Amino acid sequence: MKIFLPLLFILVISSYLHSQTGRVEGIVSSEQKLLSNVFVWIKDTDFSTKTDKHGYYKIDLPSGNYILQFMDKDYEDSEISLTIKKGEIKKIETQLKPVKYKEIDNITIKGKSALQKIKESAFSVTVLDAKSFYNSSLDLAHLLEKAPGVKIRESGGLGSDVSVSLNGFTGRHVKIFMDGVPMQGFGSAFQLNNIPVNIAERIEIYKGVVPVEFGTDAIGGVVNIVTANKSSTYLDLSYSSGSFNTYKTNVNLGYTSASGFTFQLNAFQNYSDNNYKVKTSVLDLDTNVFSSEKYWVKRFHGKYHNETAIVKLGVVNKQWADRFLIGVTLGQEFADIQNANLMEIVYGMKKREATTIMPSLSYEKKNFVIKNLNFRLTANYNKNYNKNIDTVARQYNWLGNYIPKKTKGEGIYSLARFYNQNVSATANLQYKISDWHSFTVNNVISAYERKQSDRVAIIETGSVQDTMRRTNIKNIIGGSYKFNYKNKWNADIFGKYYYQKVKGPKNISTVTNSTKYIETIEKFNTTGYGIAFTWFLKDYQWKGSIEKAYRLPTDNELFGDEVLETGNTILKAENSMNYNIGLTYNKEFSSKNTLYVDLTAYYRDTHDYIRRIIEQQYGTASYVNHGKVTNVGIDAELKFYFQNKFMLGANVTYQDIRNKERYSSTSGNRKDITYNDRIPNVPYFFGNADVAYYINNIGHKGNILSFGYTFNFIGKFYLNWESLGVKNSKYTLPGQLSHDFMINYSFYNGKFNASLELKNLTNEFLYDNYSLQKPGRAYYLKLRYFLYKSNKNN
């Protein structure tokens, strides 16, 4: 009922408003020939269409005065003034004159880019233009950090574990997509901090309230990586090298023929010794006591490399498909594991390996079956093989020394070799009744299964739970209705249905420090709902959105990762009421200067919040349902562009995420001492600033020399509950400041590019997680070659 009453209200109001409209329609021809695909546009608005094969067009309009414009590259432009009254159908037949000289073909059709359209949607969303960073050595994770409200948290250098913090929600609270396809099952060889920025065209960050098109269970938000699906021929080749014996290679290749056949290849490779210095306590192997003083030591077991290739082929611009692609992603990864989730606990021979094979399919068609009905289908099957080896009976310290142990394994003995199998399919239908009304239906089905592949390992480790099945099935169905009134304001109301079925081991032992596992099945289903609204007033845009959102436990939270994470199959789904309100000011001045300011405030009221807890003895991690948590915060962003010479940008985030669970006992009569404390191990004050200066036409016309500077800061925050312990003995992550610098030279109109980057110039101590130190000062050199050829059928 909560969903249907607002929907009924909007339908009634929109039906009334729509009755105030009229219509313009007619036939476009030239010399007694009907013209198809002529662009028909209401000047200075978003109302537009194209003529069909019979030369016919129609546009529904609110009452008012307009200029109707007709454009085609083979004909001269034509403009007609008209007045539309309520309920009127105005017929305008138009004769276009052929262009006499073929060289007159530089027609400009004024429209909004995909990036701008996303920004102007009713949802709280930030959009990053990845193309601006193609000459840098950034990966997708570190590009994301340039968005307000986003903090990337890594456990070390290249290839380390990474999670995205968005408005206080971290890791699995935030869902990652690539071209609308969930990346949850892509495997560790294909994660954000090893994917080069050149693979993306833009990144969309939806905060708290998420459109049904993604069909996901995210209470924190969604990050959607939109790749460069160009229907053209291009080559983008780059190589970078830098500190800690790090080097990266990236190849993007695309070809589209005049007949519509298309081929795409994205391949990249990353390697690093990760042998940077860290400052930490050192274990005395004779006394088994950690030093009270911290020493500078060099990482000696951190080698990482991965290789990934994404191949797609198919057709574009066909009568039966706008785009049809089949593809496969192949990836492999190797990583030495240097330390646990606590820096003091160090390993010398522990490692993991993984391979990924993922076939995929993508189909898109506008005007599917009937006019204005758009259909999109994506599907993939991912089988990744993982091997986690910890068998050596040794105990290491940070000096690289070791002593024998009585038991096997530096941490917890493991011979784990297992397959993770994921399948995901998304079907999306969008129907546009008119420029005012549209409906969307979306259905996502995903399934996960983990299988042990090594019977010998199961026998050796003697773990009964390793013989038990681990499966996770999800189905999320969403529907939405969008109403757009005169492009002055629009509203999007939606509902979602969630279903999950989990099968896996459950510990039913009631004896402390003992286990007794049985195979159990857990099921869950519920519904969510929401509404998003935006209003335009000259250079201002107001936004507001609300969603009752759910997040279902992920595979890692349910089953662990067989390395440093342990699972909990009885976790409950998180649920949250999410609220956003925002204001944007975007002004382009006549002198080609632009000012952009965005302010967003948000509130989250979350129940059954899933927390990650680190076990102190072995440095492993597990997950529990905490209870009630609230979060109040604000994001602010500013950008100023001065002609084509100078850019200044800055963003800052403040968030206050607190424990609101008053009682800690099951009987509900013992007050929780940590009530109203900030949630530990979550940064609450951070931001960054960017400055860039461009010198154009240096040395030759079209050459550009640019200088860039980035300042990053993060405030101090506690590892544990702030109410526990003595003030001077509390573990904290200190406030951090860092500085990056980049110089880039592009010549021959961007065909050749060379850049030098200096990271962490002042060699600061940088941490995203307690005690897990990130690399110090580093440099990287990148060379890039880019060739682009537009095709006639694009």
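Position labels on residues start from 1 in each chain and follow its written sequence. Restriction of local features to residues with pLDDT of at least 70 applies here, the model being predicted, together with a cutoff of 80 or more for giving and counting side-chain atom pairs; totals for whole chains, interfaces and linings are based on all residues. To get the side-chain values, all heavy atoms of the structure are used, and hydrogens and water are removed first.

Time to look at the overall build of the protein chain. The secondary structure listing takes helices from DSSP runs of H or I that are at least 4 residues long and strands from runs of E that are at least 2 residues long, numbered from the N terminus. A count of helical and extended segments in the protein chain gives 5 helices and 51 strands. When accessible area is computed with a 1.4 Å probe and restricted to protein chains, residues below 20% of their type maximum are described as buried, those above 50% as exposed, and intermediate ones as partly exposed. For the protein chain, the proportion of its 794 residues judged to be buried stands at 51%. Nonlocal contacts in the protein chain, meaning residues at least 24 apart in sequence, comprise 65% of its contacts between residues at least 6 apart. In the structure as shown, the protein chain presents an accessible area of about 37,300 Å², 56% of it carried by carbon and sulfur atoms. It only takes one pair of heavy atoms within 4.5 Å for two residues to be counted as in contact. Accessibility throughout is a Shrake-Rupley quantity obtained with a 1.4 Å probe, and a residue counts as covered only by protein chains that appear here.

The subject of this paragraph is the packing of aromatic side chains. Between the rings of Phe, Tyr and Trp (Trp by its six-membered ring), a pair exists once the centres lie within 6.5 Å; its type follows the angle of the planes, with under 30 degrees stacked, over 60 edge-to-face, and the other angles tilted. Scanning all chains against the criterion turns up 35 aromatic pairs. Aromatic pair Phe 483 and Tyr 485: ring centres 6.5 Å apart, planes at 20°, arrangement stacked. Since its relative accessible area comes to 1%, Phe 483 is described here as buried. Each ring, one from Trp 489 and one from Phe 533, has its centre 5.6 Å from the other, and the planes form 35°; the classification is tilted.

With that settled, consider the confidence of the model for the protein chain. A residue's pLDDT is the confidence the predictor assigns to it, expressed on a 0 to 100 scale. For the protein chain, per-residue confidence averages 84 on the pLDDT scale, and residues scoring 70 or more make up 86% of the total. In this model, residues 1-19 is a region of pLDDT below 50 whose contacts with residues beyond four sequence positions or in other chains number 29 contacts. In this model, residues 101-111 is a region of pLDDT below 50 whose contacts with residues beyond four sequence positions or in other chains number 12 contacts.

This part is about the pairing of strand β38 (residues 594-607). Here, strands pair whenever DSSP counts at least two bridges between them. Strand direction decides the pairing type here: strand β37 (residues 574-588) and β38, joined by 14 bridges, are antiparallel. Its bridge partner being in β38, Asn 575 is matched across the sheet by His 607. Pairing of β38 with strand β41 (residues 629-642), which is carried by 13 bridges, proceeds in the antiparallel orientation. In the strand pairing of β41, Tyr 596 is matched with Lys 639.

By secondary structure assignment, the location of Asn 578 is in strand β37. On the accessibility criterion, Asn 578 (0% relative accessible area) is buried. Side-chain polar atoms of Asn 578 contact the backbone oxygen of Gly 208, separated by 2.9 Å. Here Ile 219 takes part through its backbone oxygen, which lies 3.0 Å from a polar atom of the side chain of Asn 578. Polar contacts, as counted here, are pairs of nitrogen or oxygen atoms within 3.5 Å of one another; within protein the pair requires one atom able to donate a hydrogen and one able to accept it, and residues that are adjacent in sequence qualify only if both atoms are side-chain atoms.

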